[in-house]
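Results of the structural survey
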Protein chains: 2
Amino acid sequence: MGIIVKKFGGSSVANVDRIKAVAKIIANTKDQGHQCVVVVSAMGDHTDELLDLAHQISANPSSRELDMLLTTGEQVSISLLAMTLQEMGHRAISLTGWQAGIETEDVHGKARITNINTERIFKELDHDQVVIVAGFQGVFANQEITTLGRGGSDTSAVALAAALHADICEIYTDVEGVYTTDPRAVKNAKKLDEVSYDEMLELANLGAVVLHPRSVENAKHHGVKLVVRSSFVDTPGTEIKEEKSMENVHVVTGVAYDMDVTRIQVVDLENKIDALADLFTTLANESINVDMIVTSDYEKDRINVSFSISDQDIHATLKVLERKFGEQAKVSHDHHLAKVSIVGAGMISNPGVAAKMFKILSDAGITIHMVTTSEIKVSCLVPKIQAKEAVQALHDAFELGKE
Amino acid sequence: MGIIVKKFGGSSVANVDRIKAVAKIIANTKDQGHQCVVVVSAMGDHTDELLDLAHQISANPSSRELDMLLTTGEQVSISLLAMTLQEMGHRAISLTGWQAGIETEDVHGKARITNINTERIFKELDHDQVVIVAGFQGVFANQEITTLGRGGSDTSAVALAAALHADICEIYTDVEGVYTTDPRAVKNAKKLDEVSYDEMLELANLGAVVLHPRSVENAKHHGVKLVVRSSFVDTPGTEIKEEKSMENVHVVTGVAYDMDVTRIQVVDLENKIDALADLFTTLANESINVDMIVTSDYEKDRINVSFSISDQDIHATLKVLERKFGEQAKVSHDHHLAKVSIVGAGMISNPGVAAKMFKILSDAGITIHMVTTSEIKVSCLVPKIQAKEAVQALHDAFELGKE
């Protein structure tokens, strides 16, 4: 019997009753003879409540102090879950990120895990403890508390599963698995039994919001077997694995959308050979994630660049661009757009899928403002107010709701 | 200009507006050129809310997990205070107990500070930071989060002032200083300009609830100059210093009371030579604080022992005694009592003060159940329902309300 890592999100531990339900799930696995390492997020809306407190003080609180504040959320939930398991007669111990040896970069707000020192966790497992680790957090140089960014508990779970050589990493959530599209937006969205890492990666990146993309990347890289399942009902969930081990490969597996998109346009930039490298390196140095990128050179010494970022990075991005270019380029931003994408591992061998997507959208009277493609996805920026309409049209036209 | 340590209790940082007021007090001191180290407690009732969550899960949550839970309270308030000072344009950094180098014993719930590794704090002060330290918490062996017990933020502040060789340690609270008795219980209670460490120690031990006794002990031991003052109004407060530097020495300086008293009686204990040492060592090993002790040997091979403890230790105490003695002694407890005390550095040279106290209480129809005395105090256990009446009678008879 090996190690099982289980991750429970905020809605799964939203109150004391939910925590007791989660403790029962863990106790069942423990009773079957497995060693359990459990990663939990903050309770329900707790993180948002803490953010709200911070924003009563400052529109732009320092990310170091924000990490100090937000990491208390998980510290509360791990201690309560440990108490609950103890009350049920099980051995359990909670560990913060630094206690669990989760080491990260020296970045606040969105640090990456650089190493996990597993000594303490293995010691506790040897003492027959259920080890409950605070998700979303780590430590830099044994001294500074860092966070992995929102949704970072998934990343914690997968990184722990890899470091501990766990048999499986189960991501418990408030939905029953991965769907062909967001079931809140489209009624006949269908649960998938299995998806490939690559499909999941695109789905997660594209707003299917079930799994954090970094966690899927890491799972793929380390060959960690992932299962997304419900903490509310006992159903099998969706397995995420290598494409070659899957029974069916669909041309289009799912439709994803992302409302959290701001398009930045930089017009009349001087066309030096390193202009793009320079621009995006500057943004990367500020830890700003850029998603879609489109460029055009309409005069030989000037170029235009459009790219998309997360809404939360608008302020930082505009500040960086202002400092960098001042009067040398015109910068504008538009946050009335959303990204709609189709994803499917079989797309690579089926030409014309992108064309079909554009046709479906134009038939629905939806203007496409930007396009990017990869082997297994096509993404379009469309007006935010038409995004859900676009998702429904694509889901219907590609017949994803059918058995 | 030297280092000033300031400590703000929960009511001083109960909400964002209060935190802003506290930040202004700190900024004023900083603007005068001092280096500031600030210790804060959890916001308002936050600790009680966390305790309530724990008690929804277990009547007796493990003290290790309780420490994990409760220490989040101060971590929230330090980060918010740091953000507030930063928003006002000041350099500020928050540090948890472990980051601030506050090392403790390996005990949960009521650890003592064993050492403060001041390296990090001095480094931050050198960078012109206001250093904001989470009170009430520390770390054992760089690994386990511990707490100093309720009221422990005072202890943190004094220990820091001693370790940093601060000029002064200012304890900000919701009252204007130390009073002749509790102003909530007695209308004409008078604020004292100065009291001696010893008087304060007795007053604090005896329920005057302004300062935690351990902090006064430490301040006396290390010669830290303490000031108790209000975070709401800008008045001088009460200085706590060596008796020899005080202008006036009163026979009776104040009247204190403590409602948090449980009397334990152990009857028919076998009178071995090490019986008392054995009993109280066992209690000490469980970190149970015993206050008053009275013994009598009514037969030569049997003794009775009465002692008082804090209400919160009833469960632990009865468990220890049950395990220790089983059928060999009769154990009973009574939590309907309160302790009323008179304190004064001048008492030592004035005979008959205890006799006067007993007369005042008996004239008021109040039965005395237990008495202990020291050089500068006399304490009596009286019925809890008559405690405030006793305080008023003593305060009047010793003329403490007069100018």
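All residue numbers here refer to positions counted from 1 along the written sequence of the relevant chain. Numbering of ligands from 1 and lettering of chains from A proceed in the order in which they are written. Whole-chain, interface and lining totals are the exception, using all residues; otherwise, since this is a predicted model, local features are given only for residues with pLDDT of at least 70 and side-chain atom pairs are given and counted only at 80 or more. Water and hydrogen atoms were dropped before computing side-chain values, which therefore reflect all heavy atoms in the structure.

Attention now goes to the overall build of chain A. By the criteria applied, helices consist of DSSP H or I runs no shorter than four residues and strands consist of E runs no shorter than two, each listed in order from the N terminus. Assigned secondary structure in chain A consists of eleven helices and 18 strands. When the backbone C-alpha atoms are referred to their principal axes, chain A occupies close to 70 × 50 × 35 Å. When contacts within chain A are restricted to residue pairs at least 6 apart in sequence, long-range pairs at least 24 apart make up 75% of them. Only the protein chains shown count as cover for residues, and the accessible areas themselves come from Shrake-Rupley with a 1.4 Å probe. When the accessible area of chain A is evaluated, it comes to approximately 17,100 Å², of which 47% is carbon and sulfur surface. A positive count includes Lys and Arg, and a negative count includes Asp and Glu. His and the chain ends are not counted in either. By convention, the point assigned to a charge is CZ for Arg, NZ for Lys, CD for Glu and CG for Asp. With 38 positive and 57 negative side-chain charges, chain A shows a separation of 2 Å between the mean positions of the two kinds. Contacts are assigned to residue pairs that have any heavy atoms within 4.5 Å of one another.

Bringing the relation of the copies chain A and chain B into the picture now. Once chain A is rotated about the relating axis by 180° and shifted along it by 0.0 Å, it coincides with chain B to within an RMSD of 0.1 Å. In the structure described here, the two chain copies are related by an operation that fits a two-fold rotation axis. Nearest to the rotation axis, the C-alpha of A:Thr72 is located 2.6 Å from it, this being the minimum over chain A. Interface residue correspondence from chain A to chain B reaches 100%, placing this contact among same-surface, isologous pairings. The copies were overlaid with a least-squares fit restricted to C-alpha atoms from residues scoring a pLDDT of at least 70 in each copy.

Turning next to the domain arrangement of chain A. One can read the domain layout of chain A as domain 1 (3-174) and domain 2 (255-397). An automatic or database domain assignment provides the domain bounds reported here. Taking only C-alpha atoms, the centre of domain 1 of chain A and the centre of domain 2 of chain A are 33 Å apart.

This part takes up the pairing of strand E7 (residues 137-140) of chain A. All names here are of chain A. The pairing criterion is simple: DSSP has to find at least two bridges between the two strands. Two strands pair when backbone bridges link them, and E7 and strand E8 (residues 144-147) are joined in this way by four bridges, in the antiparallel orientation. Within E8, the position partnered with Phe 140 by the bridge is Glu 144. Connecting the antiparallel pair E7 and E8 is a turn made up of three residues, with Ala 141 showing a positive phi of about 55°.

This paragraph deals with the interface of chain A and chain B. Contact residues are listed per partner, giving 42 residues for chain A and 42 residues for chain B. The buried area of a pairing is the accessible area, by a 1.4 Å probe, that goes missing from both parts when the two are put together, added over both. Taken together, the two surfaces of chain A and chain B that pack against each other cover about 3,400 Å², and 63% of this comes from carbon and sulfur. The three residues of chain A that bury the most area against chain B are A:Ile57, A:Met83 and A:Trp98, which together make up 20% of that side's buried surface. Salt bridges are identified by distance alone: a Lys or Arg side-chain nitrogen within 4 Å of an Asp or Glu carboxyl oxygen. Across the contact surface, chain A and chain B share two salt bridges. The partner of B:Arg120 in a salt bridge is A:Glu144, and the shortest N-O contact between them spans 2.6 Å. For this analysis, a polar contact is any N or O atom pair within 3.5 Å, provided that within protein one partner can donate a hydrogen and the other can accept it, and provided that sequence-adjacent residues contribute only side-chain to side-chain pairs. Taken together, the links from chain A to chain B amount to 18 residue pairs in polar contact (both at pLDDT 80 or more).

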